[in-house]
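Residue strings, one per chain:
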Amino acid sequence: MRYPLIEGVPDALVIHCADPRFQTAFRQFVREGLGVRMPMVLALPGVTSHFGMQAMLPKNWYALKVSIQTMTSRHDVARVILINHDDCKGYAKIAGHLGGLSKIGVAQKKHLHGLAEFVRKEFLPNAQFELYQAHIVGSEVEFEKIL
Ligand SMILES: [Zn+2]
């Protein structure tokens with residue numbers, strides 16, 4: 001069995017959580033919903049929480065930063081897509097630092113904007129940034145654009 005090797009130039013940097021429940025939805029949304037042909041995907045648990053917790057968990061933040069730097073130095077993509085999601089276990093783990101479970105939504109939004117601003121300043125000043133929150137609706141996933 002062989003699988004396709006896709007040659008070409010990536011058209012977006014996509015950063016989202018590694019939660020296995022959301023991977024199919026993320027992939028479909030990025031391809032079909034946003035029209036990205038060749039995404040550079042960075043998926044890791046809690047994703048934007050590493051930006052928000054950089055003072056307390058500097059190693060996680062460093063690892064995320066270096067990965068973004070490596071990817072963006074190879075490809076100066078025009079689009080950056082950042083996605084958080086409901087019921088994130090990575091965020092649940094740090095809820096104590098955010099003021100409780102009820103504060104997670106606000107923190108996710110804040111970190112989404114913060115990480116976007118950081119990537120824009122440090123690595124991709126000319127890119128277009130698109131921020132989303134993936135909501136669980138019954139047994140499906142719906143994406144809300146975050147402004
Ligand atoms: Zn998550």
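Here, every reference points to the structure presented above.
What you are looking at is a predicted structure, and each value in this text was computed from that prediction instead of being measured.

Peer 1: Help me out: how do you make sense of the side chain of histidine 111 in this one?
Peer 2: Positionally, histidine 111 belongs in helix α6 (residues 104-122). What makes histidine 111 buried here is its relative accessible area of 6%. A distance of 2.7 Å separates the side chain of histidine 111 from the side chain of tyrosine 91, its partner in a polar contact. Leaving out residues up to four positions away in the same chain, histidine 111 has contacts with Thr48, Ser49, Phe51, Gly52, Tyr91 and Leu98.

Peer 1: Looking at this model, I keep getting lost on unusual backbone geometry. Mind explaining?
Peer 2: Backbone phi values are negative for most residues with the exception of glycine, while trans is the configuration of most peptide bonds. The phi angle at valine 47 is positive, at roughly 25°, despite the residue not being glycine. For valine 47, the location among the structural elements is in the loop between β2 (39-43) and α2 (49-52). In this model, aspartate 87 sits at a positive phi of 55°, which is unusual for a non-glycine residue. Within the secondary structure, aspartate 87 is located in the loop between β3 (79-85) and α4 (89-93). The class for aspartate 87 is partly exposed, based on a relative accessible area of 44%.

The rules behind the values
- Every chain begins its residue count from 1, and numbering advances along the sequence as written.
- Two thresholds apply to this predicted model, a pLDDT of at least 70 for residue-level local features and 80 or more for giving and counting side-chain atom pairs, whereas whole-chain, interface and lining totals are computed over all residues.
- To obtain the side-chain values, all non-hydrogen atoms of the structure were included, while hydrogens and water were left out.
- A run of H or I in DSSP becomes a helix once it reaches four residues, and a run of E becomes a strand once it reaches two; helices and strands are each numbered from the N terminus.
- Per-residue accessibility, obtained with a 1.4 Å probe over protein chains only, is compared with the maximum for each type, and a residue is labelled buried under 20%, exposed over 50%, and partly exposed between these values.
- As used in this structure description, the phrase polar contact means that two N or O atoms lie within 3.5 Å; if the pair is within protein, one of them must be able to donate a hydrogen and the other to accept it, and residues adjacent in sequence are counted only when both atoms belong to side chains.
- Whether two residues are in contact is decided by their heavy atoms, any of which lying within 4.5 Å being enough.

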